[in-house]
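# Geometric and topological summary
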Amino acid sequence: MEFSIKSGSPEKQRSACVVVGVFESRKLTLPAELLDNISGGYISDIVRRGDMEGKAGTTLLLHNVPSTHCDRILLVGLGKEKEFREKEFASTIRTAVKVLNETGAFDASLFLTELPVRKHSITWRVRQTVIAALDATYKFDQFKSKKEEIRRPLRKLTISVERRNELAPAEEGLQQGLAIAEGVSLTKTLGNLPPNVCHPTHLAEQARAMASEFKLDCEILEREDMEKLGMHSLLAVARGSHQPPKLIALSYKGSRASEKPIVLVGKGVTFDTGGISLKPGAEMDEMKYDMCGAASVLGTMQAVARMALPINLTVVVPATENMPGGNATRPGDIVTSMSGQTIEILNTDAEGRLILCDALTYAERFEPDTLIDVATLTGACVVALGNVATGLFANKDSLARELQEAGEEANDRAWHMPLWDDYQELLKSPFADMANIGGRWGGAISAACFLSRFTKKFDWAHLDIAGTAWKSGTDKGATGRPVPLLTHYLLQRAGKLN
């Protein structure tokens, strides 16, 4: 879809469709009022009769509205004005674009950037509009022999702003929104690919392609390289699979060489059977999403490179399958991590932390300013937070606050969880430096405590996205989270968040 920014009044638009809002109190937004005035009260009369009550998520398409220049007017219900927040803004955009895509209108003008979303800038409003619009039109149908085609899909969306002095910041928001949406789309697609296609080698190929497009530094470590580095924890997970593991490192240099990079580490288990601690068969197909941490850091790198942010960023992806087999790691095995710390593996289904710990140690060579790992790590986090918030752990409260604020700004929320030393007791092992699980209680916290033992040298945060990376049920698929959170955090670090 093509986007453009324009300053103008709705009653003068000659597009195929103009989109305006109506609140549940039957109050028209200013653009809707302007159209109502020129049409002699046509819209307010419809609202007064109850054809459009303004409830959130409702729409009404009008044709041939008197004295207007557009072919159609789409009224979008906004709900209660006092309760209109960031979530409602994004939902309104998605609703409008989905309906527009089915109207037969090739182009449309959107007059929704004036909606009362706290005190957000026009840059924020346009950025969120683009992200939500492209999220609404995302489709993953490349493996269907008969694709569902929209006869006349929406091809151009003009985002209208009130004043001419808003054009420049709106254009900035447009470019940021396009880049972030592209990163979200890449993350979704990698997550949705079947595991026989998206295996560790495929992730490595994606990284190489990205490096070629954006002139990034790229390094791919093979099994032999990992053995030489002593990554026996990561390799323990890979032992049961015929697919070779990969350790991927991509570096973007947008600032001076002396500036330490921000490093993102993403869990890349491209399929997780649980290994010898085999998972139940029901819904095991969803374990293709166990690489969404990897997908999200690659999507974030795509967005940052597209925006050309003035920062240095490195992403590290440990990629492997976790499969049962005659050579697979067993419960009771003890392995030595790259850091030299030994781990008693009590459950082979707690494999994410085993590959992450070696990747976190490997990340030390980049001398990170800040280190953030992203992983679909624990079912316990889903129990605690559901699919609403990402679990956020950090060894520095100021970093946790920055990430939590970025999530609020991006409408991609995270919740700060405890990381107290009391929980470290859960990981005690009589035979090794630590066990890889801490028992039934506090599972998301003990997993974060495990990772914290490999990140003492840096400001570090851990994002557990097990509940937010994908959706089950009829709307099944990867969500693209937490790319919006991470990109907004990096925009803030780059001084580009308006």
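I will try to describe carefully the structure that is included in this document. (Residues numbered from 1 in each chain as written. Predicted model: local features only at pLDDT ≥ 70, side-chain atom pairs only at ≥ 80, totals over all residues. Heavy atoms only, no water.)

What follows concerns the packing of helix α9 (residues 292-307) against helix α14 (residues 483-493). Between α9 and α14, whose axes approach to 9 Å, the crossing angle comes to 40 degrees. Between α9 and α14, the crossing angle belongs to the class labelled oblique. α14 is crossed by α9, and the crossing has right-handed handedness. Residues S296, G299, T300, A303, V304 and M307 of α9 lie in contact with α14, whose contacting residues are V483, L486, T487, L490 and L491. Taken together, the residues of the contact of α9 with α14 break down into seven nonpolar, four polar and no charged. (Axes fitted to C-alpha atoms, helices over the stretch in contact; angles between N-to-C directions. Helix = DSSP H or I, 4+ residues; strand = E, 2+ residues; numbered from the N terminus. Parallel < 35°, antiparallel > 145°, perpendicular 65-115°, else oblique. Left-handed = near helix turned anticlockwise from the far one by under 90°. Contact = heavy atoms within 4.5 Å. Nonpolar A, V, L, I, M, F, W, Y, C, P; charged D, E, K, R; others polar.)

One pass over the structure, following the stated rule, counts 27 salt bridges. One salt bridge in this structure joins D272 and K279, with 3.6 Å as the shortest N-O distance. Pair check on accessibility: D272 and K279 agree, each one buried. A salt bridge links K279 to D349, with the nearest nitrogen and oxygen atoms 3.0 Å apart. Here K279, found in the loop between β10 (268-272) and α9, pairs with D349, found in the loop between β13 (342-344) and α10 (352-362); they are 70 residues apart in sequence, far enough to count as distant. By relative accessible area, which is 25% here, D349 ends up partly exposed. (Salt bridge = Lys/Arg side-chain N within 4 Å of Asp/Glu carboxyl O. Buried < 20%, exposed > 50% of the residue type's maximum accessible area, 1.4 Å probe, protein only.)

Next up on the list: helix α6 (residues 200-214). Its 15 residues place the ends of α6 21 Å apart at the C-alpha level, agreeing with the 21 Å of an ideal helix rising 1.5 Å per residue. If you check which residues of α6 are buried, you get P200, H202, L203, A204, A207, M210, A211 and F214. Here the buried face of α6 lies against α5 (167-192), β7 (217-221), β8 (246-253), β10, α9 and β11 (312-322). With its phi angle positive at about 60 degrees, K215 sits one or two positions after the end of α6. (Expected span 1.5 Å × (residues − 1).)

So, about the sheet that holds strand β1 (residues 2-7). Pairing between the strands of a sheet comes from backbone hydrogen bonds, and it takes one of two forms, parallel or antiparallel. The mixed open sheet is built from six strands, whose spatial order is β1-β6-β5-β2-β4-β3. The two strands at the open ends of the sheet, each matched to only one other strand, are β1 and β3 (59-63). Strand-to-strand twist in this sheet, taken as the mean axis angle between neighbours without regard to direction, amounts to 25 degrees. Inspection of the sheet shows β3 paired to strand β4 (residues 72-77) by five bridges, in the antiparallel sense. Residue pairing in the sheet places H63 in a bridge with R72 of β4. Contacts between helix α4 (residues 122-137) and the sheet are confined to β1, β5 (107-110) and β6 (156-161), with β6 contributing the most and set at about 160 degrees to the helix. Along the sheet, α5 contacts β1 and β6; its crossing angle with β1, the most-contacted strand, is approximately 165 degrees. (Pairing = 2+ DSSP bridges.)

Turning our eyes to something else, we now look at the environment of S277. On the secondary structure map, S277 appears in the loop between β10 and α9. For S277, a relative accessible area of 18% translates into the label buried. On a C-alpha basis, the gap between S277 and A350 in space is 9.0 Å, while along the polypeptide they are 73 residues apart. Sequence-distant contacts of S277, that is, excluding residues within four places in its chain, are made with P331, N347, T348 and D349. Within polar-contact distance, the side chain of S277 engages the side chain of N347 at 3.3 Å. (Polar contact = N/O pair within 3.5 Å; in protein donor to acceptor, adjacent residues only side chain to side chain.)

What follows concerns unusual backbone geometry. Backbone phi values are negative for most residues with the exception of glycine, while trans is the configuration of most peptide bonds. The step from R481 to P482 runs through a cis peptide bond, and the omega angle for that step is 5 degrees. Along the polypeptide, P482 turns up in the loop between β20 (477-478) and α14. With phi around 50 degrees, N64 is a residue other than glycine that occupies positive phi space. The phi angle at A308 is positive, at roughly 55 degrees, despite the residue not being glycine.

Moving on, we get to the packing of aromatic side chains. Summed over all chains, the structure comprises seven aromatic pairs. Centroid distance F23 to F84: 6.2 Å. Interplanar angle 85 degrees. Geometry classified as edge-to-face. With a gap of 61 residues between them, F23 in the loop between β2 (17-22) and α1 (30-38) and F84 in the loop between β4 and α3 (86-103) connect regions that are remote in the sequence. The exposure class of F84 is buried, given its relative accessible area of 1%. Here Y362 and F366 contribute two aromatic rings whose centre-to-centre distance is 6.0 Å and whose plane-to-plane angle is 75 degrees, an arrangement assigned as edge-to-face. Accessibility expressed as a relative area gives 1% for Y362, which makes it buried. (Phe/Tyr/Trp six-rings, centres within 6.5 Å; stacked < 30°, edge-to-face > 60°.)

With that settled, consider the side chain of T479. Residue position: T479 is located in the loop between β20 and α14. Within the structure, T479 has its side chain in polar contact with the backbone oxygen of T468 (distance 2.6 Å). Apart from the residues within four sequence positions on either side, T479 is in contact with V184, K188, T468, A469, W470 and K471.

Turning our eyes to something else, we now look at the pairing of β6. Each regular strand displays side chains that alternate between the two surfaces of the sheet. Burial of β6 is extensive: five of the six residues sit out of reach of the surface. The sheet contact formed by β5 and β6 spans four bridges and is parallel. The residue of β6 that forms the bridge with D107 is K156. Viewed along the sheet, the connection from β5 through α4 into β6 turns out right-handed. (Right-handed = clockwise from strand over helix to strand, strands pointing away.)

L190, L203 and L250 are the most contacted members of the largest nonpolar core, which has 65 residues in total. Leave out the neighbours within four places in its chain, and L190 touches C198, H202, L203, Q206, M291, A295 and L298. The next biggest cluster of nonpolar side chains, apart from the first, holds 45 residues, and it includes L235, V263, V269 and Y362. (Core = buried A, V, L, I, M, F, W, Y, C linked by side-chain atoms within 4.5 Å.)

It is worth spelling out the sheet that holds strand β12 (residues 334-336) at this point. On the basis of which strands lie adjacent, the open sheet formed by three strands has the order β12-β13-β17 and mixed pairing. Strands at the two margins of the open sheet, each flanked by one partner only, are β12 and β17 (434-435).

Across its 18 residues, α3 extends 26 Å between first and last C-alpha, which sits within 8% of the 26 Å expected from 1.5 Å per residue. Taken as a whole, α3 has its buried residues at E86, F89, A90, T92, I93, T95, A96, V97, L100, N101 and T103. Following α3 by one or two positions, G104 adopts a phi angle in the positive range, close to 95 degrees.

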